[in-house]
Amino acid sequence: MACMSAAVYLLIMMSFIMLVPAYASMESCVQPGAASPGDIIIGAIFPIHQAVEKRSNYSPQIQPCVKLDGRGLADTLAMINAIETMNRSPILSDVGITLGYRIHDDCADVSTALRATAEFTRQDDCGGGTNYSSCYQPVMVVVGSSHSEMSIAIARHLTIRKIPQISYSSSAVILSDKARFPAFMRTVPNDIHQTGGMVRLLSDYGWSWVGITTTDGDYGRSALDNFVTQATEKGIFVAFKEVVPGLLNIQDDWSAIRRVARTILKNHKVKVIVAFLKPPHMLYLYKELRSELQRTGQPLESMRRIWVASDSWSASNFVHGDLTLEDIGHVVGFHFKHGSLSSLNQYLSRLGDTGHDNKGHNYFLEELKTQLNASGDASEAELVSKAIEIIRKHTYADTILSIEMAVSAIAQAVAVICRSRDCKAPGAVQPWEVLRALWMRPFWHNEKKYTFDDKGDINLDYDLTLWKSEKGMIHNHDIVAMYHPHNNSLTYTDHSTTKQLLDLKKIVSKCSNSCVPGEIKKTAEGQQHTCCYECINCTENYYSNDTDMDQCLSCDSKTEWSPEGSSKCITKTLQFFSWQDSFAVVLLTLAALGILLVLLVSALFLQQRNTPIVRAAGGPLCQVILFSLVGSFISASLFVGKPNIFQCKARQVLFGLSYTLCVSCILVKSLKILLAFQFNPGLQEFLQRLYQPYVIIGGCVGLQVATCSCWLVLKSPFKNDIMLPTTLLEECHEGSYVAFGVMLGYIAVLAFVCFICAFKGRKLPQKYNDARFITFSMLLYLISWVLFIPVYVTTSGVYVPAIEMVVILISNYGILSCHFFPKCYVILFRKEQNTQSAFKDSLYAYSRKRTESISVSDTSPNEQQYIDQPYIISSPPLSLPATESQMSGEVSNYINSSSSTCTVTRQPKYLRNRSISL
C-alpha cells in the first residue's frame with residue numbers, strides 16, 4: 001500500500017517541473033510554471049498571482065509576481081486532473097496517445113501573458129531525438145486565460161500561427177469577432193448574454209433606476225456598452241456609469257474607488273448597482289463605502305444596495321471583507337453553468353494523502369506552503385493539509401466545468417485526428433488541424449453534447465445565486481434561478497432561498513415614484529433622464545389603466561366618459577324620457593284617463609244621439625271629434641320611451657292629423673254660429689252656399705295630410721343621439737323644424753278662425769250654445785302653444801318630449817272639458833233640460849229678449865222701415881208667428897231634423913219672404 005501511495009505521489013510530482021525563473025536573453029525569459037510530457041502538448045495560462053510588482057526599470061526584465069491567488073492555483077490543478085482523466089479514458093487510450101501540458105502564470109498582467117504566449121510559439125529543433133528534456137515539443141492548443149484582457153492579447157499572438165485558444169471564462173463580446181480572432185474559442189457565453197440576463201432581471205423586478213461600475217479595458221467597456229444599450233431598450237435608465245482602473249497600484253487608482261463610493265452614496269434613490277469588477281475592486285469598494293459613511297457620520301445601513309454581480313466576482317468568498325450582508329445589502333450573482341466537483345475533490349484528496357513526506361517539487365504549492373509556514377515549525381503534512389484546504393475553498397463549480405469541457409473538446413478533437421495517422425511522430429499534427437477538428441465536430445462531456453457555434457462560443461445557461469448569511473458565514477453557491485440566453489427568460493428553482501430572491505421585488509429602485517393608474521408621467525424640466533418625472537392626472541374623458549404610462553388613452557366620446565384622474569372609462573348613462581320616470585307615469589296616466597273619458601263620452605253620446613242636447617252639439621260630428629281626441633291622446637303616449645324611427649315619425653304626424661281633424665270639426669260648428677248671426681243678406685246667402693261641413697273638414701285635413709307627407713318624404717324626423725359630458729341622450733329630432741312649425745301653425749290658424757267665428761256667437765242661448773266653449777277651448781289651445789314655443793326652444797335634456805306632451809294633454813282636455821263635459825252633465829244630471837219643450841222655451845225666451853233689446857239707434861237708415869217688425873225664427877217657408885206657440889213649433893222642427901234649417905230674418909219690404917238657411 002505504501003509503495004502504491006509513493007507511486008501515485010511520484011506520478012503527481014512529475015507533473016510539476018520547475019521552469020528556470022530567469023535567463024540572460026529575452027527568448028528564454030518566462031515565469032516558472034508546470035509541465036508534463038505527452039504526445040500532444042496543451043499550453044495553459046492561469047492567473048496564479050494577482051499582480052506583478054511594478055519597478056522603475058528600463059531593461060526588459062521579468063517583474064516578480066505577487067499575491068498568490070488560491071483560485072488560480074485551484075484552476076491549475078483542475079486542468080491537470082482533467083488531462084490525466086482523459087489520458088486514462090478510452091478516447092485517447094484507443095488511439096494510443098497521451099496529452100501533456102505546459103502551464104504558465106500570467107500574474108493578471110498582459111505583458112507577462114504575452115511572454116508566456118511567446119514561449120508557446122517558440123520553435124526549437126529536436127534534432128531527431130526522442131528525449132523530452134532535449135526536445136521542445138510545440139504547443140497544439142492553448143487553454144486560457146481567465147480575464148478577457150489577457151485572452152485578447154494572447155489571441156492576437158496565437159492567430160498568427162492559427163494555434164487554437166479555448167478560454168474557460170473570458171466573456172468579452174469582442175472575442176466573438178471571428179474576423180479578428182479566428183482561432184479563439186470558449187466554453188462560456190459571451191457577455192452580451194450576461195448583460196441581457198441582467199437587464200431581464202432588472203426589468204422583471206421593476207428596477208428602472210440603476211448604476212453601473214466596470215473596470216477599464218476591453219472587458220469592462222464592452223460590458224458597459226452592451227448593458228446600457230440593452231437596458232435603454234427595456235426602459236431601464238443608468239443613473240451613473242463609473243469606470244475604475246483594471247489594476248489598483250497607485251494613488252490615482254485608489255481615488256477612482258473613492259469616487260465610485262461617493263457617487264453611490266450620493267445617489268440614494270439608486271438601490272441597484274450592476275458591477276463588472278474583479279474581486280479586489282469589490283473588496284476595496286466595500287471598505288471605501290464604510291470609510292466614507294464613518295467620515296460623514298451616516299449609519300452603516302446607508303450603503304445597503306442590491307448588487308448585481310458579474311461572473312468575475314459573484315462567487316468570491318472574500319470581497320465583503322469583515323462586512324456582513326446586513327451591511328452591504330443583497331448580492332445577486334450571475335455564474336457560468338455549474339458542474340460537478342467530485343473528480344477534482346478526489347484528485348485533491350490523493351494529492352493530500354501522498355504529499356506528507358515530500359518537499360519542494362511544486363513551485364506554486366511550495367510558495368503557498370511557505371506563506372502558511374510563517375512560524376517555521378509546521379510539519380510538511382500539516383502544510384500540505386492546510387494548502388489543500390485553502391485550494392478547496394477556492395474551487396468554483398462553474399470554472400471547473402468550463403476547464404473540464406475545454407480539455408474534453410481538445411481530447412476528442414485530437415482523437416479524431418490521430419485515428420488516421422501516427423501522432424507520436426514529431427510534426428505529425430499541426431495546430432490548424434486541431435482548430436479545424438474543434439470547429440467541425442461536437443464533443444461530449446459528462447454524457448452531454450456540446451458544440452461550438454459559428455462564433456466559437458458555447459452559449460450555456462447562466463446560474464443565478466443569492467448570497468445568504470448563516471451563523472456569520474456568507475454562502476454564495478445556492479442556485480435560485482437560471483437564465484436561458486436562447487429565449488431570454490428566467491426560471492426559478494425550488495431552493496429555499498428562491499423566495500428571498502422573489503421578495504426583492506418589494507425593493508423600489510426608481511428615480512420617481514410610480515404613477516398610479518389615472519396618472520401619466522411628465523418629465524421634469526431640466527432632467528436628463530426620462531425616468532425622472534412627475535405624475536399628473538389624466539384630463540376628463542382620458543384615462544390610464546397601467547402604472548407609469550407615458551400618455552393617457554382616450555375614451556370613446558360617443559359612448560364613454562371619465563372624470564379627471566380616472567383609471568378607466570365609464571359607460572355613458574343612456575337617457576331618454578323613460579316609462580319609469582315618475583313624471584312620465586303621471587302624464588301617461590292622464591293620457592290613459594283621457595282616452596277612457598273619450599270612450600265613455602262617445603258611448604253616452606251614441607246612446608243619447610236623438611236628444612236635443614246631442615243634436616245641438618253637432619250630432620255625428622261629435623263622434624268624429626271624439627275619435628280625433630283618441631288619436632291625439634295616443635300620439636301623446638308616443639313621446640315616452642326609448643326613441644325609435646317609427647316612433648319619431650309617427651308621434652308628430654299622428655298628433656297633427658288628429659288635432660287637425662278635431663279643429664276642423666269645431667270650425668264647422670263655428671261657421672254655423674257665424675251664419676246664424678250674419679244679418680247681411682248678400683253675405684249670408686253667399687256663406688250659406690259655401691257651407692258644406694264634410695267638404696270643409698275634408699279640405700282642412702287634406703291640407704295637413706299634404707304638409708305631413710312632404711315632411712316625411714323630404715326631411716322626416718329621425719332618432720338622434722346627443723353626446724353629453726357624462727350621458728348619452730336619445731331623442732327624436734324633428735328633421736325639419738320648418739315643417740314642424742308649418743304643421744303647428746296650420747292648426748293654430750284653424751283654431752284662430754274657430755275662435756273668431758265662435759266669439760261672434762257667444763250671446764246665443766247658454767244651454768244650447770257652443771260658442772263660448774269653442775272660444776275658451778281655442779283660446780286655451782292658442783295660449784298653451786304660444787307658451788310652448790319659447791319653452792321648447794330654450795329647454796334641452798330628457799324632459800323636452802314632456803313639454804310637448806303636456807301641451808297636447810292641455811289641448812285635449814280643453815276640448816273635452818269645454819265641448820263635452822257640460823253636455824254630459826246636462827244629460828246625466830239635468831235631464832229635464834234635455835227635452836223638446838225645454839229647448840223650445842229657451843229659444844223663445846232668447847228670441848223675445850233679443851227683440852226687445854233692439855233699438856232704432858242700432859240700425860241703419862235702410863233698416864228704419866222695418867225696425868218695428870218682429871224677429872222670426874222658423875223653418876222655411878214659415879214666418880215668425882205672433883204667438884209663442886207658433887215659434888215653439890218652428891224650433892221643434894229644427895231640433896227634430898238634422899236637415900232642417902233655422903232662419904232668423906227681419907221683414908223689410910225688399911227682404912220679405914227671403915230667408916238664410918242654417
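Reading the values: the criteria
- Residues numbered from 1 in each chain as written.
- Predicted model: local features only at pLDDT ≥ 70, side-chain atom pairs only at ≥ 80, totals over all residues.
- Heavy atoms only, no water.
- Pairing = 2+ DSSP bridges.
- Helix = DSSP H or I, 4+ residues; strand = E, 2+ residues; numbered from the N terminus.
- Axes fitted to C-alpha atoms, helices over the stretch in contact; angles between N-to-C directions.
- Contact = heavy atoms within 4.5 Å.
- Disulfide = S-S within 2.5 Å.
- Buried < 20%, exposed > 50% of the residue type's maximum accessible area, 1.4 Å probe, protein only.
- Right-handed = clockwise from strand over helix to strand, strands pointing away.
- Phe/Tyr/Trp six-rings, centres within 6.5 Å; stacked < 30°, edge-to-face > 60°.
- Lys NZ or Arg CZ within 6 Å of the ring centre and 35° of its normal.
- Core = buried A, V, L, I, M, F, W, Y, C linked by side-chain atoms within 4.5 Å.
- Expected span 1.5 Å × (residues − 1).
- Arc of directions from axis to C-beta.
- Parallel < 35°, antiparallel > 145°, perpendicular 65-115°, else oblique.
- Left-handed = near helix turned anticlockwise from the far one by under 90°.
- Nonpolar A, V, L, I, M, F, W, Y, C, P; charged D, E, K, R; others polar.
- Patch = residues over 30% accessible without salt bridge, like charges linked within 9 Å, V, L, I, M, F, W, Y side chains within 5 Å.
- Areas by Shrake-Rupley, 256 points an atom, 1.4 Å probe, with all protein chains shown as cover.
- Salt bridge = Lys/Arg side-chain N within 4 Å of Asp/Glu carboxyl O.

A. Expanded view of the pairing of strand β28 (residues 718-723). Where β28 and strand β29 (residues 727-733) come together, 6 bridges link them in antiparallel fashion. Paired with Met 723 across the two strands is Leu 728, which belongs to β29. As consecutive antiparallel partners, β28 and β29 are separated by 3 residues.

B. How the structure looks around the sheet that holds strand β9 (residues 209-215). Ordered in space as β10-β9-β11-β12-β13-β16-β19-β20, the 8 strands form an open sheet in which the pairing is mixed. One side of each edge strand has no neighbouring strand; the edge strands of this open sheet are β10 (237-244) and β20 (489-492). Neighbour-to-neighbour, the strand axes of the sheet open up by a mean angle of 20 degrees, direction not taken into account. With 4 bridges connecting them, strand β13 (residues 329-335) and strand β16 (residues 462-466) associate as antiparallel partners. Within the sheet, the bridge partner assigned to Phe 334 lies in β16 and is Leu 464. Lying over the sheet, helix α7 (residues 218-233) contacts β9, β10 and β11 (272-276), oriented at roughly 160 degrees with respect to β9.

C. Seen up close, the state of the cysteines. Inspection of the entire model under this criterion finds 7 disulfides. Residue Cys 511 pairs covalently with Cys 532 via a disulfide, S to S 1.8 Å. Around the S-S axis, the bridge from Cys 511 to Cys 532 shows a dihedral of about 105 degrees and counts as right-handed. Here Cys 532 lies in the loop between β21 (519-523) and β22 (533-537) and Cys 511 lies in the loop between α16 (498-503) and β21, a separation of 21 residues in the sequence.

D. Examining the pairing of strand β12 (residues 305-309) more closely. Taken across its 5 residues, β12 has 5 buried, putting it largely inside the fold. Residue alternation in β12 divides its side chains into two sets, Arg 305, Trp 307 and Ala 309 and Ile 306 and Val 308, and both sets are buried. Here β11 pairs with β12 via 4 bridges, running parallel. Looking at β12, one finds that Ala 275 is bridged to Ala 309. In terms of handedness, the path from β11 via helix α9 (residues 279-296) over to β12 forms a crossover that is right-handed. One ladder, built from 5 bridges, connects β12 with β13; its direction is parallel.

E. Expanded view of the packing of aromatic side chains. Counting across every chain of the model gives 25 aromatic pairs. On the basis of an interplanar angle of 75 degrees and a centroid distance of 5.4 Å, the ring pair of Phe 633 and Tyr 813 is categorised as edge-to-face. Placement of the pair is Phe 633 in helix α19 (residues 620-637) and Tyr 813 in helix α25 (residues 800-829), with a sequence separation of 180 residues. There is no split in this pair, since Phe 633 and Tyr 813 are both buried. Ring-pair connections join several aromatic residues into one group, and the members of that group are Phe 655, Tyr 659, Trp 711, Phe 740, Tyr 781, Trp 785, Phe 788 and Tyr 792. One Lys or Arg, Arg 71, reaches over the ring of Tyr 396 and ends 4.1 Å from the middle of that ring. The positively charged end of Lys 505 is found above the aromatic ring belonging to Tyr 205, 5.2 Å away from the centroid.

F. Structural detail: the side chain of Ser 632. Residue position: Ser 632 is located in helix α19. For Ser 632, a relative accessible area of 0% puts it in the buried group.

G. Geometry of the nonpolar core. If you look at the biggest cluster of nonpolar residues, it comprises 74 residues, and the most contacted ones within it are Phe 605, Leu 629, Met 778, Ile 815 and Phe 820. Going through the elements one at a time, α17 (582-607), α18 (612-617), α19, α20 (645-676), α22 (693-715), α23 (737-760), α24 (771-794) and α25 are the ones with two or more residues in this core. Among the elements that line this core, the one with the most residues is α25, at 14 residues. In this view, Phe 820 contacts Val 601, Phe 605, Cys 622, Ile 625, Leu 626, Leu 629 and Ile 815; residues no more than four positions away in its chain are not counted. Membership of the second largest hydrophobic core comes to 62 residues, among which are Leu 73, Ile 97, Leu 99 and Tyr 450.

H. Seen up close, α9. The end-to-end C-alpha distance of α9, which contains 18 residues, comes to 26 Å, matching closely the 26 Å that a straight helix rising 1.5 Å per residue would cover. Every buried residue of α9 is listed here: His 281, Met 282, Leu 285, Tyr 286, Glu 288, Leu 289, Glu 292 and Leu 293. For α9, the arc enclosing every buried residue in end-on projection is 165 degrees, short of the 170-degree limit, so these residues lie on one face. Note on α9: the residue one or two positions beyond its end, Gly 297, has a positive phi of about 75 degrees.

I. Expanded view of the packing of α17 against α19. Running from N to C, α17 and α19 cross one another at 165 degrees; their axes reach a closest spacing of 9 Å. On the basis of the axis angle, α17 is roughly antiparallel to α19. Crossing angle aside, the handedness with which α17 passes α19 is left-handed. Between α17 and α19, the contacting residues are Leu 588, Leu 590, Ala 591, Gly 594, Ile 595, Val 598, Val 601, Ser 602, Phe 605 and Leu 606 on the first element and Cys 622, Gln 623, Leu 626, Leu 629, Val 630, Phe 633, Ile 634 and Ser 637 on the second. Per-class residue counts for the contact of α17 with α19 are 14 nonpolar, 4 polar and no charged.

J. Main features of a nonpolar patch on the surface. Residues Phe 583, Val 586, Leu 590, Leu 593, Leu 596, Leu 600 and Tyr 799 make up a contiguous nonpolar surface patch of about 600 Å² in total accessible area. Checked against the element boundaries, Leu 596 lands in helix α17.

K. Representation of the pattern of salt bridges in the model. Following the criterion strictly, the structure yields 21 salt bridges and no others. One salt bridge connects Arg 221 with Asp 216, and the closest N-O pair in it is separated by 3.2 Å. For Arg 221, a relative accessible area of 39% corresponds to the partly exposed category. Asp 216 gets classed as partly exposed once you look at its relative accessible area, which sits at 37%. Notably, a salt bridge pairs Arg 258 with Glu 288, separated by 3.5 Å at the nearest N-O pair. Of the two residues, Arg 258 sits in helix α8 (residues 251-266) while Glu 288 sits in helix α9, which places them 30 residues apart along the sequence. One continuous salt-bridge network, built from bridges that share partners, spans Arg 258, Arg 262, Glu 288, Glu 292 and Arg 295.

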